[in-house]
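Structural overview
So the chains spell out like this:
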Amino acid sequence: MISTIKIIDSLPFIELSIHFRGSSVFLHNVLVDAGSATSILKLELVEKIGIKAEPEDCIGSVAGVGGKEFVFIKKIDSIEICGFRMNNIGMDIGVMDYGADIDGILGMDILSRIQAVIDLESSTISGKPA
């Protein structure tokens with residue numbers, strides 16, 4: 001399946017949906033970042049569907065151009081991207097106060113899992129079922 005890439009401030013963004021305990025949220029501005037090892041979701045948006053830190057969640061940290069922040073790793077029911085659904089996937093959840101309108105970052109953990117092909121000429125991203 002193919003999804004459209006939106007270029008905002010010279011950066012590639014896509015849309016995806018997150019499913020957790022019977023609720024869903026649609027994220028509109030998820031940065032496609034092949035330079036990021038892991039994916040991260042913005043806490044403010046996913047807590048609307050009940051995603052919050054709980055005692056069984058692991059705590060970690062992420063570091064990048066935006067700085068360093070602590071995250072918790074949450075097992076979510078599924079993520080839908082490029083028309084595919086990946087079930088029972090661990091995702092980093094953080095505040096993501098980077099001074100930009102970013103709902104999440106799609107990193108190499110997910111991009112490699114769906115064998116993503118990013119076509120900047122046609123502004124699309126495609127993949128294979130995970």
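Scroll up to find the structure.
Residues numbered from 1 in each chain as written. Predicted model: local features only at pLDDT ≥ 70, side-chain atom pairs only at ≥ 80, totals over all residues. Heavy atoms only, no water.

1. Quick look at the overall build of the protein chain
The condition that has to hold: For the purposes of this entry, the term helix denotes a DSSP run of H or I that reaches at least four residues, the term strand denotes a run of E that reaches at least two, and both are numbered from the N terminus. We call a residue buried when its accessible area falls under 20% of the maximum for its residue type, exposed when it is over 50%, and partly exposed in between, using a 1.4 Å probe and counting protein chains only. By definition, residues are in contact when any of their heavy atoms lie within 4.5 Å. For the accessible areas, the method is Shrake-Rupley and the probe is 1.4 Å, while residue cover comes only from the protein chains on display.
When you go through the protein chain residue by residue, the secondary structure sums to 2 helices and 11 strands. The order of α-helices and β-strands along the protein chain, N terminus first, is β-β-β-β-β-α-β-β-β-β-α-β-β. Along the first, second and third principal axes, the C-alpha set of the protein chain runs to 45 × 30 × 20 Å. The buried share of the protein chain, taken over its 130 residues, is 44%. Looking at the protein chain alone, contacts between residues at least 24 apart form 55% of all its contacts between residues at least 6 apart. Summing over all exposed atoms, the protein chain offers an accessible surface of approximately 7,000 Å²; the carbon and sulfur share of this is 53%.

2. Thoughts on the nonpolar core
Just so we agree on the cut-off: The term nonpolar core refers to a set of buried residues drawn from Ala, Val, Leu, Ile, Met, Phe, Trp, Tyr and Cys, joined through side-chain atoms within 4.5 Å.
Counting residues in hydrophobic clusters, the biggest one holds 29 residues, and the most contacted among them are Ile 18 and Ile 51. Residues Ile 40, Val 62, Val 71 and Met 96 belong to the second largest nonpolar core, which totals 8 residues.

3. Quick look at the pairing of strand S3 (residues 11–20)
As a reminder, the rule being used: For two strands to be treated as a pair, DSSP must find at least two bridges joining them.
Taking burial as the measure, the 10 residues of S3 include 8 buried ones, the bulk of the element. Of the pairings in the sheet, the one linking strand S2 (residues 6–8) to S3 comprises 3 bridges and is antiparallel in character. What sits directly across from Ile 7, in S3, is Pro 12. Between S2 and S3, which pair antiparallel in sequence order, lie 2 residues; one of them, Asp 9, sits at a positive phi of approximately 50°. Pairing geometry for S3 and strand S4 (residues 23–32), over 7 bridges, is antiparallel. Across the sheet, the residue bridging to Phe 20 is Ser 23, located in S4. Connecting the antiparallel pair S3 and S4 is a turn made up of 2 residues, with Arg 21 showing a positive phi of about 50°. Inspection of the sheet shows S3 paired to strand S7 (residues 67–81) by 3 bridges, in the antiparallel sense.

4. A closer look at the sheet that holds strand S1 (residues 2–4)
Basically, it comes down to this: Orientation is described by lines fitted to C-alpha atoms, with helices fitted over the stretch in contact, and by angles between N-to-C directions that extend from 0 to 180 degrees.
Spatial ordering of the open sheet is given by S1-S11-S10, a layout of 3 strands whose pairing is antiparallel. Looking at the sheet topology across the chains shown, the edges are occupied by S1 and strand S10 (117–119). If you compare each strand with its neighbour and ignore which way they point, the axes differ by 20° on average. Bridge count for S10 against strand S11 (residues 124–126) is 3 bridges, and the pairing is antiparallel. Bridging from a neighbouring strand, Val 117 pairs with Ser 126 of S11.

5. Quick look at a nonpolar patch on the surface
As a reminder of what qualifies: A patch consists of residues exposed above 30% relative accessible area that lack any salt bridge, with like charges linked at up to 9 Å and nonpolar side chains (Val, Leu, Ile, Met, Phe, Trp, Tyr) linked at up to 5 Å. When a carboxyl oxygen of Asp or Glu is within 4 Å of a side-chain nitrogen of Lys or Arg, the pair counts as a salt bridge.
Residues Ile 7, Ile 118 and Leu 120 make up a contiguous nonpolar surface patch of roughly 290 Å² in combined accessible area. Looking at the secondary structure, you find Leu 120 in the loop between S10 and S11. Residue classification places Leu 120 among the exposed positions, given a relative accessible area of 58%.

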